[in-house]
Amino acid sequence: MSLMITPRASWNALPPDHSVKDEHGLFDPRTNLGGWRVYTEPLDQVLRTIVIHHSALAPTFGAAEIQRLHIEKRGFADIAYHFVIAADGKIFEGRSINVRGAHAEGANTGSVGVVALGNFEEAAPPEIQLRATRELIDHLRSSYPHITHLAGHCDFNQDSVCPGKHLYPLLKILAREASLLYGTGGYVRPQY
Ligand SMILES: [Zn+2]
C-alpha cells in the first residue's frame, strides 16, 4: 500500500542535536540509557505499539516549529514523534522510525509516536485528519507485523490529557478498525 509521507527534508528538518540535555549523547545500555537510540534489532520485531498524541498547539504550528521547540525547550535531540498529521490530512515524517522516540515517558522503546496537529481539548479533529490517521495506522500495521496495540499518550502517562478529550474517545474505534488491540498491554519493556 502506498501512502504519501512528506520527508523530513521537505520541512527543512534540522539534524538531530546530541548535545541536548534530556536525550544527551548516544544510547549505551551500560552508561547512557537515555541517549539517542538507533535500533539495532530489525524494526519489524521492535515496534509493538502505536501511541497517539495531539500537539496541544494551534494546528498551524507544524513539524518544523515543534522540532525547534523540542530541541531548544524540551532537551530532546529531535522532534519527539515519528509522524506528524496535519489538519488537512497531510502526513509528515518526524524523527526516523529507526530511532527510539521521546513522546511517552517510560514507554518509548518499541513505540511509534504519532501526533495530530491541533488542540483536541478545545476542538474536535477534522474528518480528513482522522482519515489520514487511519491510513497511517493501516500502513504501520502492514509494514511492521509485530505492532499489536494502539494507545493514547495518557494511557501510558496518566498525568497527561494528551491526545485531548475530543480525540481520546475515538482511539478505541481507530484501534478496532485497524484490527489492533487497545491500550498499554502490548508494551514490552527493554531487556537492559
Ligand atoms: Zn502526547
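Let me begin by describing the structure that accompanies this report.

What counts and how
Residues numbered from 1 in each chain as written. Predicted model: local features only at pLDDT ≥ 70, side-chain atom pairs only at ≥ 80, totals over all residues. Heavy atoms only, no water. Donors = N, O, S within 2.8 Å, 3.2 Å for Na, K, Ca; no water. Buried < 20%, exposed > 50% of the residue type's maximum accessible area, 1.4 Å probe, protein only. Phe/Tyr/Trp six-rings, centres within 6.5 Å; stacked < 30°, edge-to-face > 60°. Helix = DSSP H or I, 4+ residues; strand = E, 2+ residues; numbered from the N terminus. Pairing = 2+ DSSP bridges.

### A few points about the coordination of the zinc ion
Right, on to step 1. Ligation of the zinc ion by protein atoms is provided by His-53 (ND1), His-153 (ND1) and Cys-162 (SG), these donors lying 2.1 to 2.3 Å from the ion.
Right, on to step 2. Given the relative accessible area of 1%, His-53 is considered buried.
Right, on to step 3. Among the residues examined, His-153 registers a relative accessible area of 14% and is labelled buried.

### Here we look at the packing of aromatic side chains
Right, on to step 1. Counted under the stated rule, the structure contains 1 aromatic pair.
Right, on to step 2. Judged by centre distance (5.8 Å) and plane angle (75 degrees), the ring pair of Phe-156 and Tyr-187 falls under edge-to-face. Within this pair, whereas Phe-156 is found in helix α4 (residues 153–156), its partner Tyr-187 is found in the segment after β7 (181–182), the two being separated by 31 residues in sequence.
Right, on to step 3. The buried category is assigned to Phe-156, whose relative accessible area is 16%.
Right, on to step 4. On the basis of relative accessibility, which here comes to 16%, the residue Tyr-187 falls in the buried class.

### Here we look at the sheet that holds strand β1 (residues 5–6)
Whenever strands of a sheet pair, they do so through backbone hydrogen bonds, lying parallel or antiparallel.
Right, on to step 1. One open sheet holds the 7 strands; their spatial order is β1-β4-β3-β5-β2-β6-β7, and the pairing between them is mixed. Each edge of the open sheet is held by one strand with a lone partner, namely β1 and β7.
Right, on to step 2. Examined bridge by bridge, strand β3 (residues 83–85) and strand β5 (residues 111–116) share 3 bridges and lie parallel to one another. Across the sheet, residue Ile-85 finds its bridge partner in β5, namely Ala-116.

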